[in-house]
Amino acid sequence: RDEVFGPVACVIRVPDYDAALATLNDTNYGLTAGLITRSLQRASDFKARSETGCVMVNLATAGTDYHVPFGGRKDSSFGPREQGQYAREFYTVIKTCYTKA
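Okay, so let's go over this structure. These numbers were taken from a predicted model, which means no experiment stands behind them.

### What to know about the sheet that holds strand 5 (residues 96-99)
Sheet strands pair via backbone hydrogen bonds, and the direction of the pair is either parallel or antiparallel.
1) Next: Taking strand neighbours across the sheet as the criterion, the 3 strands line up as 2-3-5 in an open arrangement whose pairing is parallel. A strand with exactly one partner marks an edge of an open sheet, and here the two such strands are strand 2 (32-35) and strand 5. Neighbour-to-neighbour, the strand axes of this sheet turn through a mean angle of 10°, independent of strand direction.
2) Next: Where strand 3 (residues 54-57) and strand 5 come together, 4 bridges link them in parallel fashion. Opposite Val57, over in strand 5, you have Thr99 as the bridge partner.

Spelled out as structure tokens, the structure:
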């Protein structure tokens, strides 16, 4: 239950999507999460309910664009997401989402 930075893949067998989402959110950390799907409904739900700072759908979870806010949630975050216009929204929870069709 530690936050790991590196080329690590965690595989946990779960019975269904709801259990997978519950497993994702059952942690003190929340930097990034990803989902591979063909369902736009499932992608939209995942982006809304995942408790992470960055959400990737049908994309790798490593890397993000420099022009958008970057940071985690829960114990994966420290300070504002970036300086500039988002600095004034320091106490607002920001979530960056990507979907590839």
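Next comes the rest of the write-up.
### Details of the packing of helix 1 (residues 17-25) against helix 2 (residues 40-49)
1) Next: Packing of helix 1 against helix 2 brings their axes to within 11 Å, and their N-to-C directions diverge by 25°. One finds that helix 1 runs roughly parallel with respect to helix 2. When the axes of helix 1 and helix 2 are compared, the crossing they make is right-handed. For the pair helix 1 and helix 2, the contacting residues are Tyr17, Asp18, Leu21, Leu24 and Asn25 in the first and Arg42, Asp45, Phe46 and Arg49 in the second.

### Things to note about helix 1
1) Next: Inspection of helix 1 places Tyr17, Leu21 and Asn25 among the buried residues, and these make up the whole buried set. Across the axial projection of helix 1, the buried residues extend over an arc of 70°, all falling on one side.
2) Next: Tucked into the core, helix 1 has its buried residues touching helix 2 and strand 4 (73-74).
3) Next: Among the residues of helix 1, the N-terminal cap falls to Asp16, whose side-chain oxygen and the backbone nitrogen of Asp18 are separated by 3.3 Å.

### A word on the pairing of strand 3
1) Next: Burial of strand 3 is two-sided: the residues Cys54 and Met56 facing one way and the residues Val55 and Val57 facing the other way are all buried.
2) Next: As judged from the 4 bridges shared by strand 2 and strand 3, these two strands associate in the parallel manner. By the bridge assignment for strand 3, Ala33 is matched with Val55.
3) Next: Read as a crossover between parallel neighbours, the route from strand 2 over helix 2 to strand 3 is right-handed.

Rules behind the numbers
Residues numbered from 1 in each chain as written. Predicted model: local features only at pLDDT ≥ 70, side-chain atom pairs only at ≥ 80, totals over all residues. Heavy atoms only, no water. Pairing = 2+ DSSP bridges. Helix = DSSP H or I, 4+ residues; strand = E, 2+ residues; numbered from the N terminus. Axes fitted to C-alpha atoms, helices over the stretch in contact; angles between N-to-C directions. Parallel < 35°, antiparallel > 145°, perpendicular 65-115°, else oblique. Left-handed = near helix turned anticlockwise from the far one by under 90°. Contact = heavy atoms within 4.5 Å. Buried < 20%, exposed > 50% of the residue type's maximum accessible area, 1.4 Å probe, protein only. Arc of directions from axis to C-beta. Polar contact = N/O pair within 3.5 Å; in protein donor to acceptor, adjacent residues only side chain to side chain. Right-handed = clockwise from strand over helix to strand, strands pointing away.

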